[in-house]
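Topology and contacts: notes
What follows is each chain in one-letter form.
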Amino acid sequence: MWAELLPVGRSSASGGYRRYAWTGADTDCRAWFREQAEARGLAHETDRNGNQWAWLGDPAAGNAVVTGSHLDSVPDGGAFDGPLGVVSAFAALDELRGRGARVTRPLGIVNFGDEEGARFGLACVGSRLTAGALTAEQAHRLTDGDGITLPQAMETAGYDPDTLGPDPERLARIGAFVELHVEQGRALDLSGDRIGIASAIWPHGRWRFDFRGEANHAGTTRLADRHDPMLPYAETVLAARREAELAGAVATFGKIGVEPNGVNAIPSLVRGWLDSRAADQASLDTVVTGIEKAAREYAAARGVDLDVVRESFTPVVEFDHALRDELARILGTRTELKVPVLGTGAGHDAGILSDRIPTAMLFVRNPTGVSHSPAEYAAEDDCVAGVNALADVLEGLACT
Ligand code: GLV
Ligand code: MN
Ligand code: MN
């Protein structure tokens, strides 16, 4: 499976993946998913929100067990964030069949669309729409950096944007969703364990800071006469670091847009996107409020206007305790491995769906902790341990 998937959307320049929603690379990933489903005799469908499903058994019977993840990537992302969960899902099904397990609940494998939000700015669009956490009207207004709207992008890729919307009937048929994911930190490496179970996801969000100044000549405009939005932006980046350190949180300006973006022009606009996350809501509020207050002071001092817009927010997620304990119990009886329970600062579709259905996550060790980078890695032994653990979980939940 990896041999076919690895070349898709890979940049030869960076070695990273550029699999953005509704692009050619995304289409190729979707074709791969469909082939994997059909090669295993699974019924394949794409739902009203562009998520792909592969079914063993009839989901209409209800109480289905679903596993899977996403295939899209951040700009120059790694090979594992997302795809490891999908590849492992198909491999775990193969393992179950090899064991001769008798599957007694419908078993689904899913590829959620646009998890990373790299193109339209909002993460987990497919699962948010399905859960009703994003309305069709809001989704229709999403626009990429080239001004292409989500409906236009979907149509270009051959999908109907008019069907977008909540899918409660689909969710009502699912009794449990278990997402396997490469760990995006070093907790398992430090504890010396191959796999872990998720406890919670930190609250997190994205805020857009628009600093508007005045474009002017870089050579002839006296420093005292400038309204340069780059200055308060730069000061705000440092404030974000300071506020995050004070609160034991994280804050990142990882994306920036500059207009007119000329080497010899003072910018008229600097647009920076803040991603901030913390272990609890109060700390996150403190960090973001502190950054915004500092940004307003810096902007005023430089004669620059500032607008701050919250583009997305996901509150803290506590994964379903009963399902989490069930995973621990199953793995406790079936493997020799110690399986720690750990939290994460990364967002996931399982977190979005946890509001509506019981969800759980398995993490696979990442020896460097690096993620959202071409250097992201997981050792083959650990990936195999992940597949076996997922097969154990599916067998424990869905087989007699
Ligand atoms: C998704 O990977 C996120 O945590 O931003
Ligand atoms: Mn990611
Ligand atoms: Mn992911």
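Residues numbered from 1 in each chain as written. Chains lettered and ligands numbered in written order. Predicted model: local features only at pLDDT ≥ 70, side-chain atom pairs only at ≥ 80, totals over all residues. Heavy atoms only, no water.

As a further point, take the overall build of the chain. Secondary structure assignment for the chain yields 13 helices and 15 strands. Principal axes of the C-alpha set define a box for the chain whose edges measure 80 × 45 × 40 Å. Out of the 400 residues belonging to the chain, those deemed buried represent 53%. Counting every atom, the chain has about 16,800 Å² of accessible surface; 50% of that belongs to carbon and sulfur. Both charge centroids of the chain, one from 38 positive and one from 57 negative side chains, sit 1 Å from each other. (Helix = DSSP H or I, 4+ residues; strand = E, 2+ residues; numbered from the N terminus. Buried < 20%, exposed > 50% of the residue type's maximum accessible area, 1.4 Å probe, protein only. Areas by Shrake-Rupley, 256 points an atom, 1.4 Å probe, with all protein chains shown as cover. Lys, Arg positive; Asp, Glu negative; His and termini not counted. Charge placed at Lys NZ, Arg CZ, Asp CG, Glu CD.)

Once that is clear, we can look at the coordination of the manganese ion (ligand 3). Distances from the manganese ion (ligand 3) to its protein donors, namely His70 (NE2), Asp81 (OD) and His181 (NE2), fall within the range 2.0 to 2.2 Å. Taken in chain order, the donor set of the manganese ion (ligand 3) reads H-x10-D-x99-H. Separating the manganese ion (ligand 3) from the manganese ion (ligand 2) is a distance of 3.6 Å, and Asp81 supplies a donor atom to each of them. Linking His70 in strand S3 (residues 64-70) with Asp81 in the loop between S3 and helix H3 (83-99), this pair joins segments that are eleven residues apart in sequence. According to the relative accessible area criterion, His70 is buried, its value standing at 0%. (Donors = N, O, S within 2.8 Å, 3.2 Å for Na, K, Ca; no water.)

With that out of the way, let us pick up the packing of aromatic side chains. Inspection of the entire model under this criterion finds 13 aromatic pairs. Taking 6.0 Å as the distance between ring centres and 80 degrees as the angle between the ring planes, the aromatic pair formed by Trp32 and Phe90 counts as edge-to-face. Placement of Trp32 in helix H2 (residues 24-39) and of Phe90 in helix H3 is noted, with a sequence separation of 58 residues between them. Here the two residues Trp32 and Phe90 agree in accessibility, since each one is buried. Taking 5.7 Å as the distance between ring centres and 85 degrees as the angle between the ring planes, the aromatic pair formed by Phe112 and Phe177 counts as edge-to-face. Here Phe177 lies in strand S5 (residues 174-182) and Phe112 lies in strand S4 (residues 107-112), a separation of 65 residues in the sequence. In this structure Phe112 comes out as buried when scored by relative accessible area, which is 2%. Taken together through their ring pairs, the aromatic side chains of Trp53, Trp55, Phe112 and Phe177 make up a single cluster. Between the NZ or CZ atom of Arg30 and the centre of the ring of Tyr159, over which it lies, the distance is 5.5 Å. (Phe/Tyr/Trp six-rings, centres within 6.5 Å; stacked < 30°, edge-to-face > 60°. Lys NZ or Arg CZ within 6 Å of the ring centre and 35° of its normal.)

With respect to the helices and strands, the residue Asp392 is situated in helix H13 (residues 380-398). Taking the relative accessible area as the measure of exposure, Asp392 reaches 8% and is therefore buried. If we ignore the near neighbours within four places in the chain, the residues touching Asp392 are Arg99, Ile330, Leu331, Arg334 and Thr335. (Contact = heavy atoms within 4.5 Å.)

So, about the coordination of the manganese ion (ligand 2). Looking at the metal site, the manganese ion (ligand 2) is ligated by Asp81 (OD), Glu116 (OE), Glu116 (OE) and His372 (NE2), spaced 2.0 to 2.8 Å from it. One chain supplies every donor to the manganese ion (ligand 2), and in sequence these donors are spaced D-x34-E-x255-H.

For the rest of this paragraph, the subject is the sheet that holds strand S7 (residues 204-212). Taken in spatial order, the four strands make up an open sheet running S9-S11-S7-S12, and their pairing is antiparallel. Strands with a single pairing partner mark the edges of an open sheet, and in this sheet they are strand S9 (250-259) and strand S12 (305-314). Across the sheet, the mean angle separating the axes of adjacent strands is 15 degrees when strand polarity is ignored. Relative to S12, S7 runs antiparallel, the two being bridged by nine bridges. Paired with Arg208 across the two strands is Val309, which belongs to S12. Sitting on the sheet, helix H9 (residues 230-247) touches S7, S9 and strand S11 (269-277), and the angle it makes with S9 is about 170 degrees. Against the sheet, helix H10 (residues 281-301) engages S7, S9, S11 and S12, with an angle of about 5 degrees to S7. (Pairing = 2+ DSSP bridges. Axes fitted to C-alpha atoms, helices over the stretch in contact; angles between N-to-C directions.)

A word on the site of ligand 1. Neighbouring ligand 1 are Glu116, Arg277, Ala346, Gly347 and His372. Here His372 contributes a side-chain N or O atom positioned 3.0 Å from an oxygen atom of ligand 1. Taking 200 Å² as the accessible area of ligand 1 by itself, protein coverage stands at 93%. A class-by-class count of the residues in the shell around ligand 1 yields one nonpolar, two polar and two charged. (Near = heavy atom within 4 Å. Polar contact = N/O pair within 3.5 Å; in protein donor to acceptor, adjacent residues only side chain to side chain. Nonpolar A, V, L, I, M, F, W, Y, C, P; charged D, E, K, R; others polar.)

Remember, this is a structural readout, not a statement about activity or role.
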